[in-house]
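Structural features, examined
The residues making up each chain are set out below.
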Amino acid sequence: MAAVGALALARWPRLVAAGRPLHVGPPSWAGHNRWSKVKNVKGPRDAARSRLFQRLSMMLRTAAREGGPDPALNAQLANVVEQCRAKNMPKASIEAAIHGVERSAAAARLLYEARGPGGSALLLEVLTDNPRRSQQDVRLILTRHGGTMADGARHGFEQIGVVRVGPRDLQGHPVSLEAALEAALEAGAQDVCPDEEEEEEEEPALKFICETAALRTVRERLEASGLRPLSAAIEYLPRDRVPLPEGTREQAERLLQALGDCPDIVRLYHNIQ
């Protein structure tokens, strides 16, 4: 029990007190600053949001095909719908994806193993209606950035249960440190920390870590405690982290960025320190 509190206390300041990085660029000519901001900030964010909605639409269609179009009778679909709402996906787009499942091709779930710069290990969860095209796209991205498809990378990871919870409870109140720790202990979670993947969110979600067999129970207990679960899934945690020298690390970061821009990759895991 004490381990949960110690780990969470060590990480929590990133949630409640972390500052935003200040990006300093070259001076702009008068009259062009507004357009520069729109082009360099809004454009990439819109593109990233479009890719996110594309992934979520595929996840909605897959869940609806496997368990039916009614979220009340399909827990997996209800889980994805919650993720869509958390990302502000329009209701019309959610409904269109669910009800358009009969007109779409069946999607395949794949797990690619790869090696990146410096011998780093990568696991790529892919959801696609064209496995051959997806494999070619991923292989091309890896080759361009010093990586390669490689069997055996999976052995460097272990499976864990992850329940993501909104930063505000069911009543709309911010989740405090004490409340999160108490909920983790009562639910049987092993750890709780801010979700570092939510870089653009002012209030990042919380990740509750648990054993895979306890995933459903932990989710139900967290919701019963008044928190708002966004998703519950089995994910991969690296057994060890690999430090990379500066030049190699920059190459690895470019690879991760390129893989993150691939719409067929729904989740990416790596062991880079």
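A brief structural summary.

Thresholds applied
Residues numbered from 1 in each chain as written. Predicted model: local features only at pLDDT ≥ 70, side-chain atom pairs only at ≥ 80, totals over all residues. Heavy atoms only, no water. Buried < 20%, exposed > 50% of the residue type's maximum accessible area, 1.4 Å probe, protein only. Helix = DSSP H or I, 4+ residues; strand = E, 2+ residues; numbered from the N terminus. Arc of directions from axis to C-beta. Pairing = 2+ DSSP bridges. Salt bridge = Lys/Arg side-chain N within 4 Å of Asp/Glu carboxyl O. Contact = heavy atoms within 4.5 Å. Phe/Tyr/Trp six-rings, centres within 6.5 Å; stacked < 30°, edge-to-face > 60°.

Let's shift gears to helix H7 (residues 177-187). All buried positions along H7 are accounted for by Ala180, Leu181, Ala183, Ala184 and Ala187. Buried residues in H7, looked at end-on, bunch into an arc of 160°, giving them a common side. Opposite the buried face of H7, by more than 90 degrees, sit the exposed residues Glu178 and Glu186. Glycine 188 occupies a position one or two residues after H7 and carries a positive phi of about 90°.

What follows is about the pairing of strand S7 (residues 229-238). Of all 10 residues making up S7, 7 are buried, and the element is well covered by its neighbours. Of the pairings in the sheet, the one linking strand S4 (residues 157-165) to S7 comprises 9 bridges and is antiparallel in character. Counted as the bridge partner of valine 163 is alanine 232 from S7.

Proximity of charged atoms lets side chains of opposite charge pair with each other. Here the structure, examined in full by the defined rule, presents 13 salt bridges. Between aspartate 137 and arginine 133 there is a salt bridge, with the nearest N and O atoms lying 3.9 Å from each other. Highlighted residues: aspartate 137 and arginine 133, both in helix H6 (residues 131-144), separated by 4 residues, approximately one helical turn. The class for aspartate 137 is partly exposed, based on a relative accessible area of 32%. Between aspartate 195 and arginine 164 there is a salt bridge whose closest N-O contact spans 2.7 Å. With aspartate 195 in the loop between strand S5 (191-194) and strand S6 (206-210) and arginine 164 in strand S4, this pair connects stretches of sequence that are 31 residues apart.

Let us look at helix H8 (residues 215-224). Among all positions of H8, only Leu215, Val218 and Leu222 are buried. Mapping the buried residues of H8 onto a view down its axis gives an arc of 65°, with all of them on the same face. Exposed positions of H8 whose direction lies more than 90 degrees from the buried face are Arg216 and Ala224. Contacts from the buried residues of H8 go to S4, H7, S6 and S7. Downstream of H8 by one or two residues, glycine 226 has phi in the positive range, about 105°.

A few words on the packing of aromatic side chains. Per the counting criterion, the structure on display carries 1 aromatic pair. Taking 5.5 Å as the distance between ring centres and 70° as the angle between the ring planes, the aromatic pair formed by tyrosine 236 and tyrosine 269 counts as edge-to-face. With tyrosine 236 in strand S7 and tyrosine 269 in strand S8 (residues 265-270), the pair connects residues that are 33 residues apart, well separated along the chain. The exposure class of tyrosine 236 is buried, given its relative accessible area of 14%. For tyrosine 269, a relative accessible area of 6% translates into the label buried.

Attention now moves to the sheet that holds strand S1 (residues 108-115). Read across the sheet, 4 strands follow the order S3-S1-S2-S8 without closing on themselves; strand pairing throughout is antiparallel. Edge positions in the open sheet fall to strand S3 (148-149) and S8, since each of these has one partner strand only. Taken together, the 8 bridges between S1 and strand S2 (residues 121-128) define a ladder with antiparallel strand orientation. Counterpart to tyrosine 112 in the pairing with S2 is leucine 124.

Of note, proline 117 is situated in the loop between S1 and S2. Spatially, the C-alpha atom of proline 117 lies 6.2 Å from that of threonine 248, the residues being 131 residues apart in sequence. What proline 117 contacts, discounting residues up to four positions off in sequence, is His145, Gly146, Leu244, Thr248, Gln251, Ala252 and Leu255.

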